[in-house]
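One letter stands for each residue in the lines below.
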Amino acid sequence: MPDLLIELFSEEIPARMQTRAGEDLKKRITDGLVEAGLTYAGAAALTTPRRLTLAVEGLLAESPTVRDERKGPKVGAPDKAIEGFLRGAGLTRDQLEERETPKGSVYFATIEKPGRPAAEIVAEVLEATILDFPWPKSMRWGSGAMRWVRPLHSILCILSGETGAHIVPLEVEGITSSDTTEGHRFMAPKRFAVSSFEDYATKLKRSFVVLSPDERAEHIWNDAKNMAFAAGLDVVEDRGLLAEVAGLVEWPVVLMGQIDEEFLDLPPEVLQTSMKEHQKFFSVRNPKTGRIERFITVANRETADNGATILAGNQKVLSARLADAKFFWENDLRIVKSDGFEPWVSRLENVTFHAKLGSQGERVSRIAALAYELAPAVGADRELSMMAAQGCKADLSSEMVFEFPELQGLMGRYYAAAADLPEAVGLASEEHYSPLGPSDSVPNAPVSITVALADKLDTLTGFWAIDEKPTGSKDPFALRRAALGVTRLILENDLRLRLDRFFDSQFVRIESGINGNFSAESVEDLLEEIAEHGVFGAAFQAVKVKIGDTPPAGFLELEQKVPDASDDLLSFFHDRLKVFLRDEGIRHDVIDACIAMEGNDDLNLLVKRARALNAVIATEDGENLVQGFKRANNILAQAEEKDGVEYSYGADVKFAETESEKALFAALDAAQTKIDPALKAEDFPAAMAAMAALRGPVDAFFEDVQVNTDNDILRRNRLNLLSQIRQICSSVADLTKIEG
């Protein structure tokens, strides 16, 4: 079985595209080979800045002969039908075979497709792959029509085996395949022939090319750590930057340079970001002071002066970049030390957040108002939370964040300290964007939690108010991420929040800003009533009495819009919660059973109930109790529909005839005495355990007792007893939602 080696050699491929390109090359070639009948033992793709390489081991020498049997028309069928079948099969009439079947004599055709040499198939598949390669961006050059990420120079394609290596003949847009490649652009540019993958990799390394990106990255990281360690320093780990730098060089040469003294007092994050974004340098930190004092750069060649000239040039460019950063830093500090955040907050009034939702300044005002409301529930100081919210976006107006947007929030912490603002304000500036994803840490400082919640809830209510919700896989405003962030903030900080109330108040603020056709006093009255009642409808009615029977039209629109929007947004949270809890193994129907209960806008309460219910129904007692509950509920529902009455009270143990019936009365009373206080204390595991204990008595009751007996008194009593089962179980969770 021969091995296949392919190399597509070009000008430099952007580092960010290399890994995906290697995967695409492997998938397209191997899929094409298998589709044509060529199986293989293994395949691996490797990339450097100038080449995509694919090595396929144990390839079949030729595709197998395929025999395909087709059933045709009956013997004696019209000639036109037989001729059509022959054309489709590519045969003549004398090649057909007559066979007896249960439906009579039928023509059969056996079509044989002979195997093809591997070289022929490889050439077809590789040409199709090159001409239709899925680059994110591509270009044409010269007079050809082919597109590639950068000009393609050569194609190496050989099959090697016991008889030696053979070139797979192929030509694509004037580029003819060969068995040659070339080494490092500067250190070994001459072309050379190869006979196998092992020969190829060995000769490349001799020609100063490390083929494996993992090997290049490991070499860079080990050399960088050793250089830093020798100087008593640490390299700041950055796996993303390491992968990118490994994609920029074929022969990595690690060099360490010095940062000019005048820049060492810049915040370490500023130095790190500037060097990473502009120069692709690693930061080297002094572990004693935390300062970034040196940098690591990776050259693509060895030099006679051991990189001294390269380092000098890099240091010169770096100093110019850091001089800009220092200017931004000092100018920003001058402003905050003189005037605090006020000038920057004022500028946000001129920055559009969204055409329908107003400016960043208006948004900050809403966030601050919501933070003031949220603070008591989080355990944060109200005034401090409002102050932090008012300044949380201030650094967006700073020169440093304008230059490095990824530093937003972090720079707010530095500037808050420079302005002598409380530490909690600066911390909230940095942390209120978190968590940004499922692996991001969650703030645990009360003011930071408050502002983070207010920020995300304003985003969600705002886009819900203008009907810009996620659809399918599209979520341009990252609203799913915001909902997950709110969920994690609540659960991981064990908060008790009735979200519906905060949805309502923020919808009122947003709608009043959008419509603006009713008095500010009315809005403030409504917000105060929401804060007091926690229910929009009651708050609205209270304010309507204050402002008269004919309030402005825009105000009346709130009565229709806000409850619907709040309910819809809460449903969105519930859907996100199902996804979030799926990793815990909590079934969606279990969550549905808990969502159906009162207080479902308290996510912490909802999750605790769901976890307890999930644990119970995973047991045999819990599973059987659910079935018993459903049986009781079905019998009861049918009887109530038939009789036109509700059996919800009046079961009396004195009418019990059997021991199992009496035992069920006693078990229900015992369960009730345990479940009621457990639910009041929100001890859901205890409540669920008490409910699950009903499994035995319920099973025994249905085994011994006929509910719909001819005796009307006994029947009514037993139906009322079933109603007790329904009432007790339904106080814990809506078991009708449980599947199965």
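As a reminder, the structure under discussion sits directly above these lines.
Predicted model, so just to flag it, every value in this text is computed and none were measured.

Parameters and conventions
Residues numbered from 1 in each chain as written. Predicted model: local features only at pLDDT ≥ 70, side-chain atom pairs only at ≥ 80, totals over all residues. Heavy atoms only, no water. Pairing = 2+ DSSP bridges. Helix = DSSP H or I, 4+ residues; strand = E, 2+ residues; numbered from the N terminus. Axes fitted to C-alpha atoms, helices over the stretch in contact; angles between N-to-C directions. Parallel < 35°, antiparallel > 145°, perpendicular 65-115°, else oblique. Left-handed = near helix turned anticlockwise from the far one by under 90°. Contact = heavy atoms within 4.5 Å. Nonpolar A, V, L, I, M, F, W, Y, C, P; charged D, E, K, R; others polar. Disulfide = S-S within 2.5 Å. Salt bridge = Lys/Arg side-chain N within 4 Å of Asp/Glu carboxyl O. Buried < 20%, exposed > 50% of the residue type's maximum accessible area, 1.4 Å probe, protein only. Patch = residues over 30% accessible without salt bridge, like charges linked within 9 Å, V, L, I, M, F, W, Y side chains within 5 Å. Areas by Shrake-Rupley, 256 points an atom, 1.4 Å probe, with all protein chains shown as cover. Lys, Arg positive; Asp, Glu negative; His and termini not counted. Charge placed at Lys NZ, Arg CZ, Asp CG, Glu CD. Phe/Tyr/Trp six-rings, centres within 6.5 Å; stacked < 30°, edge-to-face > 60°.

Asks: Is there a simple way to think about the sheet that holds strand 6 (residues 104-113) in this case?
Replies: Two strands in a sheet stick together by hydrogen bonds in their backbones, pointing the same way (parallel) or opposite ways (antiparallel). The three strands are arranged 4-6-5 in an open sheet whose pairing can be described as antiparallel. One side of each edge strand has no neighbouring strand; the edge strands of this open sheet are strand 4 (66-74) and strand 5 (97-101). Mean inter-strand twist for the sheet, computed between neighbouring axes without regard to direction, equals 35 degrees. Relative to strand 6, strand 5 runs antiparallel, the two sharing five bridges.

Asks: What is the right way to look at the packing of helix 20 (residues 553-582) against helix 21 (residues 588-595) in this model?
Replies: Working note: a packed helix pair is described by the angle between its axes plus the distance between those axes. Axis separation between helix 20 and helix 21 bottoms out at 10 Å; the angle between their running directions is 140 degrees. Put simply, helix 20 runs oblique to helix 21. Of the two elements, helix 20 crosses helix 21, and the hand of that crossing is right-handed. Residue-level inspection shows His574, Leu577, Lys578 and Leu581 of helix 20 in contact with helix 21, the latter providing His588, Ile591, Asp592 and Ile595. Residues of the contact of helix 20 with helix 21, tallied by class, amount to four nonpolar, two polar and two charged.

Asks: Just checking my understanding: could you explain the state of the cysteines for this structure?
Replies: In protein chemistry, a disulfide is the covalent bond that joins the sulfur atoms of two cysteines. In this structure the tally under the stated criterion is zero disulfides. Just so you know, Cys729 is unpaired, no disulfide at all, and the nearest cysteine sulfur is the one on Cys594, 13 Å from it.

Asks: Explanation requested: the environment of Pro563 in the structure shown.
Replies: The residue Pro563 is located in helix 20 in this model. Setting aside anything within four residues of it in sequence, one finds Pro563 in contact with Phe536 and Leu558.

Asks: Help me understand the pattern of salt bridges, please; the structure alone is not making it clear to me.
Replies: Working definition: two side chains of opposite charge can pair if their charged atoms are close together. Applying the stated criterion across every chain, the model contains 49 salt bridges. Among the ionic pairs, Arg51 bridges to Glu7, the shortest N-O distance being 3.1 Å. With Arg51 in strand 3 (residues 51-57) and Glu7 in strand 1 (residues 3-10), this residue pair connects regions lying 44 residues apart in the sequence. Just as Arg51 is buried, Glu7 falls in that class too. Glu657 serves as the salt-bridge partner of Arg718, at 3.4 Å between the closest nitrogen and oxygen. Taken as a pair, Arg718 in helix 27 (residues 712-730) and Glu657 in the loop between helix 23 (620-643) and helix 24 (659-680) lie far apart in primary sequence, 61 residues in all. Overall, Glu657 belongs to the exposed group, its relative accessible area being 54%. Counted as one network, the salt bridges with shared partners bring together Glu11, Glu12, Arg50, Glu182, Arg185 and Arg191.

Asks: Which parts of the structure should I look at to understand unusual backbone geometry?
Replies: Glycine aside, residues mostly have negative phi, and peptide bonds are mostly found in the trans state. Of the consecutive residues Ser434 and Pro435, the connecting peptide bond is found in the cis state with omega at -5 degrees. Its location among the elements puts Pro435 in the loop between helix 14 (423-431) and helix 15 (446-465). Located in the positive-phi region is Ala478, a residue other than glycine, with phi close to 55 degrees. Residue placement: Ala478 occurs in the loop between helix 15 and helix 16 (479-492). Owing to a relative accessible area of 23%, Ala478 belongs among the partly exposed residues under this scheme.

Asks: Explain a negative patch on the surface here, please?
Replies: A cluster of acidic residues, Glu521, Glu524, Glu528 and Glu532, forms a negative patch on the protein surface. Tracing the backbone shows Glu524 in helix 18 (residues 520-533).

Asks: Hey, could you run me through the sheet that holds strand 15 (residues 282-285) in this one?
Replies: Strands sit in the order 13-15-16-14 across an open sheet of four strands; the sheet is antiparallel. Looking at which strands have only one partner, the edges of the open sheet turn out to be strand 13 (234-235) and strand 14 (253-258). Helix-sheet contacts for helix 8 (residues 308-339) involve strand 14 and strand 16 (292-299), and the interaxial angle to strand 16 is about 125 degrees.

Asks: Help me understand the packing of aromatic side chains, please; the structure alone is not making it clear to me.
Replies: Using the criterion set out here, one finds 18 aromatic pairs in the structure. Relative to Trp148, the ring of Trp135 has its centre 5.2 Å away and its plane inclined at 80 degrees; by these criteria the two rings are edge-to-face. In this pair, Trp135 sits in the loop between helix 3 (118-131) and strand 7 (152-161) while Trp148 sits in the loop between helix 3 and strand 7, placing the two residues 13 residues apart along the sequence. No difference in accessibility class separates Trp135 from Trp148, as the two residues are buried.

Treat this as a map of the structure, not an account of what it does.
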